[in-house]
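What follows is the residue order along each chain.
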Amino acid sequence: MSSYYGVFVLLLLFLLLLGRKQKALAAVHHMQKRKKETLSMEELAKRFLDKECIIYTLTSNGGDLQGTIKEVSQGGMLIVDAQGQQQAVNLEYVTRIREFPRNKKGKKKSLVLD
């Protein structure tokens, strides 16, 4: 009877170790996928360097930031707003970047509707 318990315990340990290995592999795969997404957003954000933009994020107040993108590097970007304050934004949380809309005369629109 005790041999059945021994076999059962060994089988249970084997399954637990196998499950942990699969979770670890899934976590590595997820991180590699996120890194590719971050790199593509980094390349896209570089197109907006030195332009006044609206940056939509997941976590910022109101969901958007306004300012000029000054620098984009390794998963983050530096934004300078109208008052001259600098902000660093993690590109993993950026969902959309949009150049600030202008009217026919080149002036910034006072009302932006999305």
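Quick caveat, the model's predicted, so the values are computed rather than measured.

**Q** Is there a simple way to think about the overall build of the protein chain in this case?
**A** Helices and strands together make up the secondary structure of the protein chain, namely one helix and five strands. Ordered by position from the N terminus, the helices and strands of the protein chain form the series α-β-β-β-β-β. With 114 residues in all, the protein chain has 25% of them scored as buried. Expressed as a percentage of contacts within the protein chain between residues at least 6 apart in sequence, the contacts between residues at least 24 apart total 41%. Total accessible area computed for the protein chain in this model is approximately 9,200 Å², and 57% of it derives from carbon and sulfur atoms.

**Q** How should the pattern of salt bridges be read in this particular structure?
**A** Where charged atoms from two side chains of opposite charge come close, those side chains can pair. Using the criterion set out here, one finds two salt bridges in the structure. Of the charged contacts in the structure, one is a salt bridge between Glu42 and Lys46, with a shortest N-O distance of 3.9 Å. Here Glu42 and its partner Lys46 are both found in helix α1 (residues 2-46), four residues apart, which amounts to about one turn of the helix. In this structure Lys46 comes out as partly exposed when scored by relative accessible area, which is 44%. Linking Lys70 and Asp50 is a salt bridge whose minimum nitrogen-to-oxygen distance equals 3.9 Å. Of the two residues, Lys70 is situated in strand β2 (residues 64-73) and Asp50 in the loop between α1 and β1 (52-57); the sequence distance between them amounts to 20 residues.

**Q** What is the right way to read the environment of Asp81 from this model?
**A** Structurally, Asp81 can be placed in the loop between β3 (76-80) and β4 (86-90). Separated by 28 residues in sequence, Asp81 and Cys53 place their C-alpha atoms 9.7 Å apart. Contacts of Asp81, omitting those with residues within four sequence positions, involve Gln66, Gly67 and Gln87. Looking at Asp81, its side chain comes within polar contact range of the main-chain nitrogen of Gln85, at 2.8 Å.

**Q** Which parts of the structure should I look at to understand a nonpolar patch on the surface?
**A** A contiguous nonpolar patch, built from Phe8, Val9, Leu10, Leu12 and Leu13 and spanning about 500 Å² of accessible area, is present on the exposed surface. Looking at the element boundaries, Phe8 is found in helix α1. For Phe8, a relative accessible area of 52% corresponds to the exposed category.

**Q** I would appreciate a short explanation of the nonpolar core in the present structure.
**A** Soluble, globular proteins show a tendency: their nonpolar side chains are buried together. Of all hydrophobic cores here, the largest spans 14 residues; its most connected members are Ile55, Ile69, Met77, Leu91, Val94 and Ile97. Elements with a minimum of two residues in this core: α1, β1, β2, β3 and β5 (94-99). A per-element tally of this core places β2 first, with three residues. Those residues in contact with Ile55 that lie beyond four places of it in its chain are Gly63, Asp64, Leu65, Ile69, Met77, Ile79, Val94, Arg96 and Ile97.

Conventions adopted
- Residues numbered from 1 in each chain as written.
- Predicted model: local features only at pLDDT ≥ 70, side-chain atom pairs only at ≥ 80, totals over all residues.
- Heavy atoms only, no water.
- Helix = DSSP H or I, 4+ residues; strand = E, 2+ residues; numbered from the N terminus.
- Buried < 20%, exposed > 50% of the residue type's maximum accessible area, 1.4 Å probe, protein only.
- Contact = heavy atoms within 4.5 Å.
- Areas by Shrake-Rupley, 256 points an atom, 1.4 Å probe, with all protein chains shown as cover.
- Salt bridge = Lys/Arg side-chain N within 4 Å of Asp/Glu carboxyl O.
- Polar contact = N/O pair within 3.5 Å; in protein donor to acceptor, adjacent residues only side chain to side chain.
- Patch = residues over 30% accessible without salt bridge, like charges linked within 9 Å, V, L, I, M, F, W, Y side chains within 5 Å.
- Core = buried A, V, L, I, M, F, W, Y, C linked by side-chain atoms within 4.5 Å.

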